[in-house]
Amino acid sequence: MKIEDFSALVLLTTKVGDGNMSFFKGEKEALKNRKKIAEKFGLNLDNFVVLYLQHKDKVYSVTIKDLGRGAKDTKTVIKADAAVSNREEVYLSILTADCLPIAVYDPKTKTIGLIHVSRHNLKKIVKSTIEALKKKFNINPKNLVVNIGPSIGPCHYEIDLWEKVEKELTRLKVLKKNIYNPRICTFESSDYFSHRKSKSRKLPDNRFATIFGPR
Ligand SMILES: [Zn+2]
């Protein structure tokens, strides 16, 4: 799925068409699937920067030296829950199945950020990412455009993470009208993997990818 009404490119890989993207759930297959998705959208997999999620608050500022890290192996992966970049070559990527993949974009400076939010790190990681964008790239949160990707909804989870994250973003001065949340619940949608659904149905616990970069 390609989100076109966003000023940068957000790609979401799908369950059936694209398959599992996590090396930890089957390395050979995931590498094959990653190569396929890159080819499908005319992207170079060596320009991907993939995060290894920690459920903590570390934000990684990507430089040109990081290109390809975690894209084809697990050894070079970056351990962080958010990454920011203003390099036009960089495609940030995270792998999720219920947690919130959040793409943040500043049209003025063409800076991008990709955040992994779970119940464990919600408050800390959103704040530390906005802080990093302000500090490193001199960004005004009022200009930020935010896209909340497919994640588990309040219909299938004890906590309304969507509402919490939207509240936190507005508290940090992101404008409500700039927060785009199509409210796609991973448990309900047949397009994305859901950790909770896989567990309840004893299915392989796979991950889909959010890939975020410039057009
Ligand atoms: Zn649901």
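Before reading further, recall that the structure is shown in the block above.
As the structure is a prediction and not an experimental result, all values here were calculated from the model.

A. Representation of the overall build of the protein chain in the model. Scanning the protein chain for helices and strands turns up 5 helices and 12 strands. Against the globule reference of 17 Å for 215 residues, the protein chain gives a C-alpha radius of gyration of 16 Å, in line with a compact fold. Along the three orthogonal principal directions, the C-alpha set of the protein chain runs to about 45 × 40 × 30 Å. Within the protein chain, buried positions represent 40% of all 215 residues. Pairs at least 24 residues apart make up 68% of the contacts formed inside the protein chain by residues separated by at least 6 positions.

B. The arrangement of the packing of helix α3 (residues 122-137) against helix α4 (residues 161-171) in detail. One can describe the packing of α3 onto α4 by two numbers: an axis separation of 10 Å at closest approach and a directional angle of 35°. Both α3 and α4 take part in a crossing whose hand is right-handed. Counted together, Leu122, Lys123 and Val126 of α3 and Leu161, Lys164, Val165, Glu168 and Leu169 of α4 form the full contact between these two elements. Its residues assigned to classes, the contact of α3 with α4 shows 5 nonpolar, no polar and 3 charged.

C. Fine view of the nonpolar core. Judged by nonpolar contacts, the single largest core of 53 residues is most densely connected at Ala83, Leu92, Ile102, Leu114, Val117, Val165 and Phe212. Excluding residues within four positions of it along the chain, leucine 92 makes contact with Val49, Val62, Ala83, Ser85, Ile112, Leu114, Phe212 and Gly213.

D. Layout of helix α2 (residues 27-40). With 14 residues, α2 extends 20 Å between its outermost C-alpha atoms, agreeing within 8% with the 20 Å of an ideal straight helix rising 1.5 Å per residue. Buried residues of α2: Ala30, Asn33, Arg34 and Ile37, and no others. Buried positions in α2, seen along its axis, are confined to an arc of 100° and lie on one side of it. With respect to the buried face of α2, the exposed residues turned more than 90 degrees away are Lys28 and Glu39. Elements that come into contact with the buried residues of α2 comprise α1 (15-18). Of the residues trailing α2, glycine 42 is marked for its positive phi of about 65°.

E. Just the environment of leucine 133, in detail. Here leucine 133 shows up in helix α3. Along the chain, leucine 133 and valine 84 lie 49 residues apart, while their C-alpha atoms are 7.3 Å from each other.

F. Broad picture of unusual backbone geometry. A positive phi angle is found at histidine 55, which is not glycine, with a value near 60°. Take histidine 55: it is sitting in the loop between β3 (48-52) and β4 (59-61). Of the residues examined, histidine 55 has 15 C-beta atoms within 10 Å and is grouped as partly exposed. A positive phi angle, near 55°, is found at lysine 110, a position not held by glycine.

G. Highlighting the pairing of strand β12 (residues 208-213). Across the 6 residues that make up β12, a large majority, 6, are buried. Alternating residues of β12 divide into Phe208, Thr210 and Phe212 and Ala209, Ile211 and Gly213, and every residue in both groups is buried. Sheet analysis places strand β2 (residues 9-12) next to β12, joined by 4 bridges and oriented antiparallel. Its bridge partner lying in β12, leucine 12 is registered against threonine 210. Judged from the 5 bridges that link them, strand β7 (residues 91-96) and β12 form a sheet pairing that is antiparallel. Each bridged residue has a counterpart across the sheet, and for isoleucine 94 the counterpart in β12 is threonine 210.

H. Geometry of α3. Here α3 contains 16 residues, and its C-alpha end-to-end distance of 22 Å stays within 8% of the 22 Å for a straight helix at 1.5 Å per residue. Every buried residue of α3 is accounted for by Leu122, Ile125, Val126, Thr129, Ile130 and Leu133. Projected down its long axis, α3 carries its buried residues within an arc of 125°, all on one side. If you follow the buried residues of α3, they end up packed against β4, β6 (82-85), β8 (100-106), β9 (111-117) and α4. Count one or two residues on from α3 and you reach asparagine 138, which has phi positive near 60°.

The rules behind the values
Residues numbered from 1 in each chain as written. Predicted model: local features only at pLDDT ≥ 70, side-chain atom pairs only at ≥ 80, totals over all residues. Helix = DSSP H or I, 4+ residues; strand = E, 2+ residues; numbered from the N terminus. Rg over C-alpha atoms; globule rule 2.2 N^0.38 Å. Buried ≥ 20, exposed ≤ 12 C-beta atoms within 10 Å, placed from the backbone. Contact = placed C-beta atoms within 7 Å. Axes fitted to C-alpha atoms, helices over the stretch in contact; angles between N-to-C directions. Left-handed = near helix turned anticlockwise from the far one by under 90°. Nonpolar A, V, L, I, M, F, W, Y, C, P; charged D, E, K, R; others polar. Core = buried A, V, L, I, M, F, W, Y, C linked by C-beta atoms within 7 Å. Expected span 1.5 Å × (residues − 1). Arc of directions from axis to C-beta. Pairing = 2+ DSSP bridges.

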